[in-house]
There are 2 protein chains.
Amino acid sequence: MIVEIISVGTEILLGNIVNTNAAYLAEKCAGIGLSCYYHDVVGDNEERLTGVLKTALARADVLLLSGGLGPTQDDLTKETAAGVLGRKLYLHEPAKEALTAFFKKRGMEITDNNWKQAMVPEGSIVVENPNGTAPGIIIEDNGKHIILMPGPPNELVPMFEDSVMPYLNSLQPGIIYSQTVKICGIGESKAEAMVEDLINAQDNPTIATYAKTGEVHLRVTARADDEKEAKKLIKPYIKELKGRFGNHIYTTQEEVTLEKAVVDLLLANHLTVSTVESCTGGMLAARLINVPGVSDVFKTGYITYSNKSKRKILGVKKSTLEKHGAVSEGVAKEMVKGAALFTKADVAVAVTGIAGPDGGSEEKPVGLVYIACNVCGRIDIKECRFSGNRMKVRESSVSAALSLMRESILAYYSEVTFGAKKS
Amino acid sequence: MIVEIISVGTEILLGNIVNTNAAYLAEKCAGIGLSCYYHDVVGDNEERLTGVLKTALARADVLLLSGGLGPTQDDLTKETAAGVLGRKLYLHEPAKEALTAFFKKRGMEITDNNWKQAMVPEGSIVVENPNGTAPGIIIEDNGKHIILMPGPPNELVPMFEDSVMPYLNSLQPGIIYSQTVKICGIGESKAEAMVEDLINAQDNPTIATYAKTGEVHLRVTARADDEKEAKKLIKPYIKELKGRFGNHIYTTQEEVTLEKAVVDLLLANHLTVSTVESCTGGMLAARLINVPGVSDVFKTGYITYSNKSKRKILGVKKSTLEKHGAVSEGVAKEMVKGAALFTKADVAVAVTGIAGPDGGSEEKPVGLVYIACNVCGRIDIKECRFSGNRMKVRESSVSAALSLMRESILAYYSEVTFGAKKS
């Protein structure tokens, strides 16, 4: 089945907001085996939206629309879609009740324009929207499926996951099931080369690679009669990937991020953590702290951007700074030593680098970053050379730091368990 | 003139990357007075790209394409566009030389597939790409303008600013000139209401509002024979907006961000700064440190996520934490007092809040955040109630903190200069 993603809204059209909905829907559709050939963006304009709908109906089976379902005069996606399909709108009582309840719960007065949102095209399936006022709508017409969803991502995403995705799955013979293997510490091209033979020989399941900053995701997708059968098809591939990538795999669960994997590893081993950042200036701590429940492991984060604060707070030696410079293996090492000593955290991680645009030299170019990780006294240091602008260098540094934390903790336990502990 | 934005690439189509190019180009086009009615995304597929190009040629004057100019077999934007317009490709000597120089400068061997990038359609204008290997191409055909640009944003953005925008400006009668007035500390709907009369009465110049997290941008755009004339048209509007929004305007320069405005204010007043963060976990420091040159003002950042670290590092009193809780005015106040005392920074800013999803209560719901700013002993505290998920609450908190820093520094100097200093 072919899907087309249509985003309606002047804000996207004028570049006021980035179209994250389209990327989200496209990735989800790919995950359940739908082919997508086009995305369209069109403003809140009846004539132009009508044209886009007609074109899409001629070339796709499923139209996924977002935006333009709200209470204002500008919002006309539903009215336009109903017009194209020759359907009248009527007041949908359960939608009206849901709307009333939504406002009542928040202690807000309903203004008259809101009732428009409870009007739905004849013969459509109304989809609940617990996070907003406009319900979603599914219209089946001549073998085509026209699906209208609200534009705000915090309404669209849960509606898609809870209602639209199961509906789309139900349209397909059998089911599509995906599992993602997430990898860190290996570059994109190397990871691709490591699975090239599997990709070339693929049939069912298929394997796709997705490069993210400092990570590679491998998605294994199987089509089968039911989920049990699909899982059975996927299982040997996951096993094969585990054999090939080993400890570089940080999760096989879709919802687990790299920072969550690190926090989970800390929690599982009852380890506390402190961060010390120079060029990343708090971004590493910020990513860790985006994991709910991190408070059980996070001790303290320091942003020691100046040499003075590196000396004063972490006890980095003046001589080390003078001899090797702030961006050096020696300083990174003293930073994590100091952080462990002063915060009494089991794990300390330090980042020092040149994010640019200034401050680079021939010997130490922009993008040179040292990351150190201290796990109960065992210290690993990594030298990285990143490309891109200031923000890109900083983002890459954060991903590399999370990756090193994982590696260091795993190495510490494998040595503690299987061998002599490194001094 | 009507522009259509066409993004070519399987990565965007499959949702692997978000289409930031389209948002960037759309905003820039709006800024120079071009109307945009559609964006399209299509994969690296000759047949489908041909269809998109034909449709766009029938409804727009300018086609802005990005992506698909690279060296691989997949990259076929140029070949497809040339085919649609009935033009042959030839080897463009200057482009070949630029390609050779690009590789030589980086000490890299040129592989044969790269030469493809120096092939250009007959009669086209070749646009230099100092940041990559594929040049841009402008084709003028039957009054239409087909513009091909590389996909990577770090190549596309400078090419658009340096070459394509001047070209687009040259196509229009007279010129379009915009100036942006950036506002913080006032909500979107209030800001809109404050300029509603101007927007309703607008002709030339026009005024448009853009809501960002914690900020509102007002863009004043004039059309005139030359830049001098346009600036003259804009001037009284900027003056009027300054009168209406006063100190809430943090800049009238396009490239100045809120964090840069704050850093500039610190630099201008020779003030140092330290940050103390709980729920934002380093995001505030990270935004300040994204400003090149911040090292002259930034002393230290602390991430005191736990109560223990608030007490140990900042000297927050146990009794205050017990009586009022970590998310309270009292704790925020003691955090900035402690930060100023221990780091000797002139300005200290603290954020403590409930980012969710857990930890909220009826009395203190998710989204409740206290921000305190201490300027040389003068302390301001702000209570905020944000909505959205954990990340959204944290982003809103950071913007509000930057906004409060500005307000507090300005208030400190106005009191120091004009009145008694608050104790």
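Above this note sits the structure.
On a predicted model such as this, the values are computed, not experimentally measured, just so you know.

Draft legend 1. Region of interest: the packing of aromatic side chains. Going through the model one piece at a time under the given rule, you end up with eight aromatic pairs over all chains. Ring centres 6.0 Å apart and planes at 70° place the aromatic pair F102 of chain A and F103 of chain A in the edge-to-face group. Judged on exposure class, the residue F102 of chain A and its partner F103 of chain A are both buried. A centroid spacing of 5.1 Å and a plane angle of 85° characterise the contact between Y412 of chain B and Y413 of chain B, whose relative ring orientation is edge-to-face. Residue placement shows R48 of chain B over the ring face of Y37 of chain A; its charged tip is 3.6 Å from the ring centre. Positioned above the aromatic ring of W115 of chain B is the side chain of K96 of chain B, whose terminal nitrogen or guanidinium carbon lies 5.7 Å from the ring centre.

Draft legend 2. Molecular detail of the interface of chain A and chain B. Taken together, the contacts link 57 residues of chain A with 58 residues of chain B. Buried area between chain A and chain B, both sides added, is near 4,400 Å², and the carbon and sulfur share of it is 57%. The interface formed by chain A and chain B holds zero salt bridges in total. Put simply, chain A and chain B have 20 residue pairs in polar contact (both at pLDDT 80 or more) between them. Per element, the largest residue contribution to the side of chain A that touches chain B is seven residues, and it comes from strand β2 (residues 35-42) of chain A. Of the residues that constitute the side of chain A that touches chain B, the class distribution is 31 nonpolar, 18 polar and eight charged. As paired elements, strand β14 (residues 298-303) of chain A and strand β14 (residues 298-303) of chain B share three bridges and run antiparallel to each other. Note on β14 of chain B: the bridge partner recorded for Y302 of chain A is Y302 of chain B.

Draft legend 3. Looking closely at the sheet that holds strand β10 (residues 206-212) of chain A. All names here are of chain A. On the basis of which strands lie adjacent, the open sheet formed by four strands has the order β10-β11-β9-β12 and antiparallel pairing. Because the sheet does not close on itself, it has two edges, and the strands there are β10 and β12 (249-251). Pairs of neighbouring strands in the sheet enclose a mean axial angle of 35°, with direction left out of account. Inspection of the sheet shows strand β9 (residues 175-184) paired to strand β11 (residues 215-224) by 10 bridges, in the antiparallel sense.

Draft legend 4. Quick peek at a positive patch on the surface. Where like charges cluster on the molecular surface, the positive patch consists of K308, R311, K312 and K318 of chain A together with K344 of chain B. With three residues, helix α11 (residues 307-314) of chain A is the single largest residue contributor to the positive patch. Following the sequence through the fold, K318 of chain A ends up in helix α12 (residues 318-324). By relative accessible area, K318 of chain A is classed as partly exposed at 48%.

Draft legend 5. Representation of the pattern of salt bridges. Inspection of the entire model under this criterion finds 33 salt bridges over all chains. For D264 of chain A, the salt bridge is made with K260 of chain A, and the minimal N-O distance between the two is 3.2 Å. Remark: K260 of chain A and D264 of chain A occur in helix α9 (residues 258-268); sequence separation between them is four residues, near one turn of the helix. Given a relative accessible area of 30%, D264 of chain A falls into the partly exposed group. Between K116 of chain B and E79 of chain B there is a salt bridge whose closest N-O contact spans 3.5 Å. Here K116 of chain B, found in the loop between α5 (93-105) and β5 (119-121), pairs with E79 of chain B, found in helix α4 (residues 77-84); they are 37 residues apart in sequence, far enough to count as distant. Judged by relative accessible area, E79 of chain B falls into the partly exposed class, the value being 28%. In this structure, a network of salt bridges that share partners links the residues E4, D40 and R59 of chain A.

Cut-offs and rules
- Residues numbered from 1 in each chain as written.
- Chains lettered and ligands numbered in written order.
- Predicted model: local features only at pLDDT ≥ 70, side-chain atom pairs only at ≥ 80, totals over all residues.
- Heavy atoms only, no water.
- Phe/Tyr/Trp six-rings, centres within 6.5 Å; stacked < 30°, edge-to-face > 60°.
- Buried < 20%, exposed > 50% of the residue type's maximum accessible area, 1.4 Å probe, protein only.
- Lys NZ or Arg CZ within 6 Å of the ring centre and 35° of its normal.
- Contact = heavy atoms within 4.5 Å.
- Buried area = accessible area lost by both parts, 1.4 Å probe.
- Salt bridge = Lys/Arg side-chain N within 4 Å of Asp/Glu carboxyl O.
- Polar contact = N/O pair within 3.5 Å; in protein donor to acceptor, adjacent residues only side chain to side chain.
- Helix = DSSP H or I, 4+ residues; strand = E, 2+ residues; numbered from the N terminus.
- Nonpolar A, V, L, I, M, F, W, Y, C, P; charged D, E, K, R; others polar.
- Pairing = 2+ DSSP bridges.
- Axes fitted to C-alpha atoms, helices over the stretch in contact; angles between N-to-C directions.
- Patch = residues over 30% accessible without salt bridge, like charges linked within 9 Å, V, L, I, M, F, W, Y side chains within 5 Å.
- Areas by Shrake-Rupley, 256 points an atom, 1.4 Å probe, with all protein chains shown as cover.
- Lys, Arg positive; Asp, Glu negative; His and termini not counted.
- Charge placed at Lys NZ, Arg CZ, Asp CG, Glu CD.

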